[in-house]
Amino acid sequence: MQEACKLAAGNWKMNGLRADLIEARALARAFPAPDCGVLLCPPATLIASMAEALHGGPIMVGGQDCHAAASGAHTGDISARMLADAGARHVILGHSERRADHGESSETVAAKAQAAHGAGLVAIICVGETEAERDAGQTLEVVMGQLRESLPEGATAANSVIAYEPVWAIGTGRTPTLEQIAEVHDALRAAVPDAAMSLLYGGSVKPGNAAEIFAIANVNGALVGGASLKAEDFGAIIAALEAS
Ligand code: 13P
């Protein structure tokens, strides 16, 4: 059976100006040949310049969203092909901030993922429960439902990655227990259509907790927000993943 690839993915969210490309360059210098996949997803305005800055190196660049349509009258939106054209290899889809801020349903996420696959991008599909859902004992039901509805036909380990991000752990400094992460990741592993699909954990991953999270079976990496903005912090997380 093929093993899932390890991936450290940074989600810069709505942070980063051209001056911050210095962090991507520092990361490239620190990891000329990383033992795991390394991905930075800056805001759309920086994708092309970051891809250029990292050109020829192993660190990959991704987008944070794409439209489901290939082109057309969708003011302010970006197509998967445009991301690929700018140098992106991946795109984050269905992040809880987009599900909440933009009312994205799992059905929409599946359509976007299909578009991403069509453009040759790897879709990083996010799932995760709210605190109220966890308190109500609905975590697995919610996460498995999102997975089922957000993964498009034809999803494989080569074109899709799943990120489990409990909504209440994002940007809060709170993380689930290792057992709680393991429970969800075991269920995801059993449910994904391809046994080699990478499963990332996201939500307050920091240099200080990365190693213990990466030691959990069926955790193949992380989707990191705040701690991915500085090369030093993200570098420590990458090093922990390499060592896992
Ligand atoms: P933080 O690492 O800042 O908690 O964000 C996680 C996240 O939402 C990554 O997509």
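As the structure is a prediction and not an experimental result, all values here were calculated from the model.

1. Some words on the pattern of salt bridges
- Within the structure shown, the criterion is met by eight salt bridges.
- Residue Lys230 is joined to Glu23 by a salt bridge in which the shortest nitrogen-to-oxygen separation is 3.6 Å. With a gap of 207 residues between them, Lys230 in the loop between strand S8 (221-224) and helix H10 (231-243) and Glu23 in helix H1 (residues 21-30) connect regions that are remote in the sequence.
- For Lys230, a relative accessible area of 45% corresponds to the partly exposed category.
- Among the residues examined, Glu23 registers a relative accessible area of 15% and is labelled buried.
- Linked through salt bridges whose partners overlap, the residues forming this network are Asp65, Arg98, Glu104 and Lys112.

2. Observations regarding helix H8 (residues 178-191)
- With 14 residues, H8 extends 20 Å from end C-alpha to end C-alpha; this agrees with the ideal 20 Å at 1.5 Å per step.
- Within H8, the full set of buried residues consists of Ile181, Ala182, Val184, His185, Leu188 and Arg189.
- Buried residues along H8 sit in contact with helix H6 (131-135), helix H7 (139-150), strand S6 (160-164), strand S7 (198-202) and helix H9 (210-214).

3. Considerations on the environment of Ser49
- As for its position among the elements, Ser49 is in helix H2 (residues 44-53).
- For the pair Ser49 and Ala196, spaced 147 residues apart in sequence, the C-alpha to C-alpha distance is 32 Å.

4. A few points about the packing of H1 against H10
- Interhelical geometry of H1 versus H10 gives an angle of 35° and a closest axis separation of 9 Å. Two packed elements cross with a definite hand, and for H1 against H10 that hand is right-handed. Contacts between H1 and H10 involve Glu23, Ala26 and Leu27 from the former and Ala231, Phe234, Gly235 and Ile238 from the latter.
- A per-class count over the contact of H1 with H10 returns five nonpolar, one polar and one charged.

5. Thoughts on the environment of Leu93
- Inspection of the secondary structure puts Leu93 in strand S4 (residues 90-93).
- Its relative accessible area of 0% is what places Leu93 among the buried residues.
- Put simply, Leu93 and Glu179 are 86 residues apart on the chain and 26 Å apart in space, counted from C-alpha to C-alpha.
- Sequence-distant contacts of Leu93, defined by excluding residues within four places in its chain, comprise Asp65, Cys66, Val109, Lys112, Ala113, Ala116, Ala123, Ile124, Ile125 and Cys126.

6. Digging into the nonpolar core
- Counting residues in hydrophobic clusters, the biggest one holds 61 residues, and the most contacted among them are Leu27, Ile162, Leu188 and Phe234.
- Dropping the residues within four chain positions of it, Phe234 is found in contact with Ala8, Ala9, Gly10, Leu27, Val38, Leu39, Leu40, Val224, Ala227 and Ser228.
- Met60, Val122, Ile124 and Val161 belong to the second largest nonpolar core, which has 13 residues in total.

7. Topic: the side chain of Ser96
- Checked against the element boundaries, Ser96 lands in helix H4 (residues 96-101).
- Residues within four places of Ser96 in sequence aside, it is in contact with Val167 and Ile170.

So, how was this worked out
Residues numbered from 1 in each chain as written. Predicted model: local features only at pLDDT ≥ 70, side-chain atom pairs only at ≥ 80, totals over all residues. Heavy atoms only, no water. Salt bridge = Lys/Arg side-chain N within 4 Å of Asp/Glu carboxyl O. Helix = DSSP H or I, 4+ residues; strand = E, 2+ residues; numbered from the N terminus. Buried < 20%, exposed > 50% of the residue type's maximum accessible area, 1.4 Å probe, protein only. Expected span 1.5 Å × (residues − 1). Contact = heavy atoms within 4.5 Å. Axes fitted to C-alpha atoms, helices over the stretch in contact; angles between N-to-C directions. Left-handed = near helix turned anticlockwise from the far one by under 90°. Nonpolar A, V, L, I, M, F, W, Y, C, P; charged D, E, K, R; others polar. Core = buried A, V, L, I, M, F, W, Y, C linked by side-chain atoms within 4.5 Å.

Purely geometric numbers; function is a separate question.
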